[in-house]
Amino acid sequence: MNLLILGGTIVTMSSKGVIRDGAIAVEDRHVVDVGKSRELRRKYRRYETIKAEGKVVIPGLISTHHHAAMGLLRGYADDYPLKEWLERWIWPLERCMKGHDIYVGALLTAVESIMGGITTINTMYHYVEGGNEAQGFAEAGLRGIIGHVCFSWRKDEDRRALESLAREWHGKHDGRIRVSVDPHAPYTVDPEYMVELWHIKNDLNKRYGSPGNPVIWHIHVAETEDEPEKIRQAFNVPVKGGVVEYLDSLGVLGKDVIAAHCVALNERDITILRDRDVKVSHCPISNLKLASGVSPVPRLLDAGVTVSLGTDGPSSNNASDMFEVMKIAALLHKGVWRNPTLLPAEKVLGMATIEGAKALLWEREIGSIEVGKKADITILNFDKPHLRPLYNELSHLVYAAKASDVETVIINGDIVMENREVKTVNVHRLLEEAEKTKEDLLNRLSQNR
C-alpha cells in the first residue's frame, strides 16, 4: 500500500527533529520520504492520503518488557508482595492455562497496545504449540519478539519449546515476528542451565537468525534487593557481589541481552552493564505496584547504558499503556532525585521509541521516522482540551497525552487502526471471548485445588 500522511506535526526522533505541516510517504512497508507537506504533496499525488492536520505523528511506541498473555489475568491478584504474588497466585493459575488461554490473553493485549499507539512488544511467556502469543500478535498485526520463559524445573520442555518457537516463528509474517530465549530469573534458573540456555540462544541464531534478524536473550535481573539471597537459597551458590556481577561470571551477558527491571544495582553492576553493552528495560509502574523499588535510571544513563521502557504484564501494571509509563518514568526520577531536570520529555520519548528499538537490536528498521525504515507510525489527535494550548509537542506527548488520543496506527506499512477502529480484529467478539476464557480458566483452577 502506498500512503501519504499529510499535514501533521511529524516528531521524527531522528536528526530531522520536529517537522510542522509535515508529510510522510510510505511505499512497500517502508518510509520513502519525509518532509514538508507542500513538497511531498506534489511528488506523491496518486497515493492514498491520510489527512493529519491538527495531529501529531510519532514513531510507533515500543514496550521492551511485557508478558502479553497475562492480559487474561489483569486484576486477578493485586496488592501482594512479589514472592507471594508469584507463588501463591500467579503460578498456580498459570499451571491451569492452555494454549487457547495464552492466545486470547496475548490477542487482548495486542489490541489494547495498538489502540494505545504501541507497535512493538518484547514479551516473555510460556510458548506452546496450537495457541501462543506469536499467534495473537500475528493476527492483530503487531510487531513483536516472542520469548519462551525457561525454568530449571522443566528443562526438557523448555528445550523443545525453544526449538519449535524459533523454527515456526522467527522472521515470519513479513519480518514482524522475532523470537528470544528467556531464562526467567537468576533465582529460578540454575547456573549450569543458565549457561546452557546461552548456548541454545547462540545455536538458534546460527540456524534461524542473522545479523539483522537476531534471536535475543531476555531476562528479569535484580528486580528486588533480596535477589542474591534467593539465588543462594535456591542453588547453594555464592553470590559475592550483585546479581549482574553473578551473571557476568557465568559468561551470559552481551549486546543481545535485554535485562528487565534492574532495580537493585550497585556501582559494579552498572559498570558491567555498560561494558557488556547490556540493554535495560525500565518498568517503573510494575516496580512501584509490587514495591520492588526504583531503578537507578539516571546513573545508568550517565554511565552510557541503553535504557528503554516496558509496561510489564497486565497483571502487574495493570495496563499496556506507554503514555502512563512515560509520564511515571519522567516524574518518578525527578522526585526521587529531587532534580526537575532529570529525564526531560524528549529523553523519555526517546526511551519509548528509538532507544527501545536499540534495546531490541531493531534500530535499523524501527524506532524513528526515517527514509528506509519500516513504516511503524502512530498518529495522535491533539484537538483535545487537555492538549491545548500547544507550546511543545514533546512535552505534551510525555506529560499530557493519553492512550485514548491515539487515532491511527500503521505497522509495517499496514493501517491496523484508523479513527480508533481496529481493522485486524473484531474487538467486540474478542472481549466476549476473553470473559468466557477467564471463566473457563477459573473453573479449571477450582477443580485442581
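Definitions and cut-offs
Residues numbered from 1 in each chain as written. Predicted model: local features only at pLDDT ≥ 70, side-chain atom pairs only at ≥ 80, totals over all residues. Heavy atoms only, no water. Helix = DSSP H or I, 4+ residues; strand = E, 2+ residues; numbered from the N terminus. Rg over C-alpha atoms; globule rule 2.2 N^0.38 Å. Contact = heavy atoms within 4.5 Å. Areas by Shrake-Rupley, 256 points an atom, 1.4 Å probe, with all protein chains shown as cover. Lys, Arg positive; Asp, Glu negative; His and termini not counted. Charge placed at Lys NZ, Arg CZ, Asp CG, Glu CD. Buried < 20%, exposed > 50% of the residue type's maximum accessible area, 1.4 Å probe, protein only. Polar contact = N/O pair within 3.5 Å; in protein donor to acceptor, adjacent residues only side chain to side chain. Axes fitted to C-alpha atoms, helices over the stretch in contact; angles between N-to-C directions. Parallel < 35°, antiparallel > 145°, perpendicular 65-115°, else oblique. Left-handed = near helix turned anticlockwise from the far one by under 90°. Disulfide = S-S within 2.5 Å. Patch = residues over 30% accessible without salt bridge, like charges linked within 9 Å, V, L, I, M, F, W, Y side chains within 5 Å. Salt bridge = Lys/Arg side-chain N within 4 Å of Asp/Glu carboxyl O. Pairing = 2+ DSSP bridges. Nonpolar A, V, L, I, M, F, W, Y, C, P; charged D, E, K, R; others polar. Expected span 1.5 Å × (residues − 1). Arc of directions from axis to C-beta.

The helix and strand inventory of the protein stands at 16 helices and 17 strands. Relative to the globule expectation of 22 Å for 449 residues, the C-alpha radius of gyration of the protein, 21 Å, shows essentially globular dimensions. In terms of overall dimensions, the protein has a C-alpha envelope of 70 × 45 × 45 Å along the principal axes. The long-range fraction of contacts in the protein, counting pairs at least 24 apart against all pairs at least 6 apart in sequence, stands at 72%. Of the accessible surface of the protein, which amounts to about 17600 Å², a share of 48% is contributed by carbon and sulfur atoms. When the 57 basic and 62 acidic side-chain charges of the protein are each reduced to a single mean position, those positions are 4 Å apart.

With that settled, consider the environment of Tyr399. Its location among the elements puts Tyr399 in helix 15 (residues 393-399). By relative accessible area, Tyr399 is classed as partly exposed at 26%. Considered as a pair, Tyr399 and Leu343 are 56 residues apart in the sequence and their alpha carbons are 12 Å apart. Look past the residues within four positions of Tyr399 in its chain and what remains in contact with it is Lys327, Ala330, Leu331, Lys334, Leu343, Pro344 and Ala345. Side-chain polar atoms of Tyr399 contact the side chain of Lys334, separated by 3.5 Å.

Further remarks concern the packing of helix 3 (residues 99-115) against helix 16 (residues 427-448). Viewed as axis vectors pointing N to C, helix 3 and helix 16 meet at an angle of 140°, and their least axial separation amounts to 10 Å. The orientation of helix 3 with respect to helix 16, classified from their angle, is oblique. Both helix 3 and helix 16 take part in a crossing whose hand is left-handed. Together, His100, Asp101, Val104, Leu107, Leu108 and Val111 of helix 3 and Val427, Leu430, Leu431, Glu433, Ala434, Thr437, Leu441 and Arg444 of helix 16 make up the contact between the two elements.

This part is about the state of the cysteines. Tallying each qualifying case throughout the model produces zero disulfides. The closest cysteine sulfur to the non-disulfide-bonded Cys262 is located on Cys283, 9.3 Å from its own sulfur. By relative accessible area, Cys283 is classed as buried at 1%.

Let us look at a positive patch on the surface. Among the surface-exposed residues, Arg38, Arg41, Arg42 and Arg45 lie close enough to one another that they form a single positively charged patch. Topologically, Arg42 is positioned in helix 1 (residues 37-43).

As summarised here, the arrangement of the eight strands in space is 6-7-8-9-10-11-12-13, forming an open sheet in which the pairing is parallel. Only two strands of the sheet have a single neighbouring strand rather than two, namely strand 6 (61-66) and strand 13 (307-309). Strand-to-strand twist in this sheet, taken as the mean axis angle between neighbours without regard to direction, amounts to 25°. Both strand 11 (residues 257-261) and strand 12 (residues 279-282) contribute to a ladder of three bridges, which runs parallel. Paired with Ala260 across the two strands is Ser281, which belongs to strand 12. Along the sheet, helix 4 (residues 133-140) makes contact with strand 7 (118-125), strand 8 (143-150) and strand 9 (177-183), crossing strand 8 at roughly 175°.

Take the side chain of Arg154 next. With respect to the secondary-structure elements, Arg154 resides in the loop between strand 8 and helix 5 (155-169). The residues touching Arg154, leaving out its near neighbours within four places in the chain, are His126, His148 and Val149.

What follows is about the pattern of salt bridges. Evaluation of the coordinates by the stated rule reveals 37 salt bridges. Lys201 is paired through a salt bridge with Asp256; the nearest N and O atoms lie 2.7 Å apart. Pair noted here: Lys201 is in helix 6 (residues 191-208) and Asp256 is in the loop between helix 8 (243-249) and strand 11, with a separation of 55 residues, a long-range link. Residues Lys201 and Asp256 agree in their burial class; the two are buried. Linking Lys423 and Glu421 is a salt bridge whose minimum nitrogen-to-oxygen distance equals 3.8 Å. The class for Lys423 is partly exposed, based on a relative accessible area of 44%. Residue classification places Glu421 among the partly exposed positions, given a relative accessible area of 49%.

What follows is about the packing of helix 5 against helix 6. Contact geometry for helix 5 and helix 6: axes closest at 11 Å, N-to-C directions at 20°. With respect to each other, helix 5 and helix 6 are oriented roughly parallel. The two elements helix 5 and helix 6 meet at a crossing, and its hand is right-handed. On helix 6, the residues touching Lys155, Asp158, Arg159, Leu162, Glu163, Ala166 and Arg167 of helix 5 are Tyr193, Glu196, Leu197, Ile200, Leu204, Arg207 and Tyr208. Classifying every residue of the contact of helix 5 with helix 6 by side-chain character gives seven nonpolar, no polar and seven charged.

So, on to helix 16. In a regular helix each residue adds 1.5 Å, so 22 residues correspond to 32 Å; helix 16 covers 31 Å between its end C-alpha atoms and thus fits that length. Among all positions in helix 16, only Leu430, Ala434, Thr437, Leu441, Arg444 and Leu445 are buried. The arc that holds the buried residues of helix 16, viewed along the axis, is 95°, so those residues lie on one side. Across helix 16 from its buried face, at more than 90 degrees, point the exposed residues His428, Arg429 and Gln447. At its buried positions, helix 16 is contacted by helix 2 (82-94) and helix 3. Among the residues of helix 16, the N-terminal cap falls to Asn426, whose side-chain oxygen and the backbone nitrogen of His428 are separated by 3.2 Å.

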